[in-house]
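In case you want the letters, here they are:
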Amino acid sequence: MGVTAVFVLPLLLLGISGLLFIYQEVSRLWSKSAVQNKVVVLTDAISGLGKAVDASLGSSPRGAPGRGEVLAEKWYLMMSTPGCPSQGECARVFHTGGARLVLCGKNWERLETLYDALISVADPSKTFTPKLVLLDLSDISCVPDVAREIQDCYGCVDILINNASMKMKGPAHKISLELDKKIMDANYFGPITLTKALLPDMISRRTGQIVLVNNIQGKLGLPFRSAYAASKHAALGFFDCLRAEVEEYDVVVSTVSPTFVRSYRVDPGQGSWEASIWKFFFRKLTYGVHPVDVAEEVMRTVRRKKQEVFMANPIPKAAVYVRTFFPEFFFAVVACGVKEKLNVPEEG
């Protein structure tokens, strides 16, 4: 019996591995066929991870405190477009899948760089040359005109992927109303303005899909991210309502909500074998998702026409459930974390 198990177990594992490989390959080919020849609009196709900038946004002289600055606690703001820091990855996935891409962004030179990167590695006989469109979603007044330009690229839009956003961090009472409005324009009013401009054509054609790449903070709010969380709650609420309104027209509305998207792979740190293994698994449980994973999940969402996807490791998922079923406990834990952070002395 023992000898038989020694031979059967490796064969069983090999068979399971083979089936998984076949399943992944079939899924990959299926994903490509789902977007082949489809017109896919990707907003903010050029943005990467956020970077810290002066909270004053240039409104104060050198050396003077800005409106969003907290000098004593050294808080800072993050102004960027990391709604999906995997924009380049999304572009790559859909381009290799045979989609007719319309890449939107605020910087023409960076759009051209992404364009060159895509066509340099793709098979021109199996892919379409991407179209480039300048678009700043935080400038609401220009969105309707840009929407018409997007429509003129191919005459219609099959899939709209809203993945642009602006991130900000700082105490609510230290952030100006002007910055709150900038966040709402970029994260809420911009995406819904573009969606409303492109939606009538989808309704008249009775086909189409709208994907919102949101964030876990559309489901729960975290301290020092009040404006960002508010904008994400608003966006999720809008697209949840829209989903029910357009279902009769065969237009699919999907939301993909990851935790924060990191730009690096998690590797065990230096030290003993046991410590490295523990650190690796702890980070896998708590850290954010990789841009490649987000891009592939967006593709699966389009292929399967899934309505809602929540990308998170066990601990963030548990936090959402605790917030739903045990709100008082969740609030107490979060408040304790804030008090502890405020009581930590500054280094140096």
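Here the structure is a predicted model, which is why all the values come from computation and not from measurement.

Engineer: Outline the sheet that holds strand β6 (residues 159-162), listing residues and values.
Structural biologist: What the 7 strands build is an open sheet, ordered β5-β4-β1-β6-β7-β8-β9; its pairing is parallel. In this open sheet, the two strands that pair with only one neighbour each are β5 (131-134) and β9 (308-311). Geometrically, the sheet is characterised by an average inter-axis angle of 15° between neighbouring strands, direction not taken into account. Set on the sheet, helix α5 (residues 177-205) makes contact with β6, β7 (208-213) and β8 (251-258); between it and β6 the angle comes to about 170°. Lying on the sheet, helix α6 (residues 226-246) is in contact with β6, β7 and β8; it crosses β8 at an angle near 155°.

Engineer: Could you give me a rundown of the pattern of salt bridges, with the residues and numbers involved?
Structural biologist: Under the defined criterion, the tally for this structure stands at 8 salt bridges. Of the charged contacts in the structure, one is a salt bridge between aspartate 240 and arginine 243, with a shortest N-O distance of 2.9 Å. Taken together, the positions of aspartate 240 and arginine 243, both in helix α6 and 3 residues apart, correspond to about one turn of that helix. Within the structure, one salt-bridge network assembled from shared partners comprises Asp158, Asp201 and Arg205.

Engineer: Before we move on, can you summarise the pairing of β7 with the specific residues and values?
Structural biologist: For β7, the tally of buried residues reaches 6 of 6 residues, placing the bulk of the element in the interior. A two-sided burial pattern is seen for β7, the buried positions comprising Gly208, Ile210 and Leu212 on one face and Gln209, Val211 and Val213 on the other. In this structure, β6 lies alongside β7, joined through 4 bridges in parallel fashion. Bridge assignment links isoleucine 159 to a residue of β7, and that residue is glutamine 209. Following the backbone out of β6, through α5 and into the adjacent parallel β7, one traces a crossover that is right-handed. Inspection of the sheet shows β7 paired to β8 by 6 bridges, in the parallel sense. When the sheet's bridge partners are listed, isoleucine 210 is paired in β8 with valine 253.

Engineer: Which residues make up the pairing of β5, and what are the values?
Structural biologist: As paired strands, strand β4 (residues 100-105) and β5 are joined by 4 bridges and run parallel to one another. Pairing of valine 102 across the sheet is with lysine 131, part of β5. Of the crossover connections in this fold, the one passing from β4 over helix α3 (residues 108-121) to the parallel β5 is right-handed.

Engineer: Can you tell me about the side chain of asparagine 162, naming the residues and giving the values?
Structural biologist: Residue placement: asparagine 162 occurs in strand β6. Within the structure, asparagine 162 has its side chain in polar contact with the side chain of threonine 195 (distance 3.1 Å). Dropping the residues within four chain positions of it, asparagine 162 is found in contact with Thr43, Pro191, Leu194, Thr195, Ile210, Val211, Leu212, Val213 and Phe239.

Engineer: Tell me about the environment of alanine 230, and name the residues and values.
Structural biologist: Residue position: alanine 230 is located in helix α6. Separated by 12 residues in sequence, alanine 230 and glycine 218 have C-alpha atoms that sit 7.5 Å apart.

Definitions and limits used
Residues numbered from 1 in each chain as written. Predicted model: local features only at pLDDT ≥ 70, side-chain atom pairs only at ≥ 80, totals over all residues. Heavy atoms only, no water. Pairing = 2+ DSSP bridges. Helix = DSSP H or I, 4+ residues; strand = E, 2+ residues; numbered from the N terminus. Axes fitted to C-alpha atoms, helices over the stretch in contact; angles between N-to-C directions. Contact = heavy atoms within 4.5 Å. Salt bridge = Lys/Arg side-chain N within 4 Å of Asp/Glu carboxyl O. Buried < 20%, exposed > 50% of the residue type's maximum accessible area, 1.4 Å probe, protein only. Right-handed = clockwise from strand over helix to strand, strands pointing away. Polar contact = N/O pair within 3.5 Å; in protein donor to acceptor, adjacent residues only side chain to side chain.

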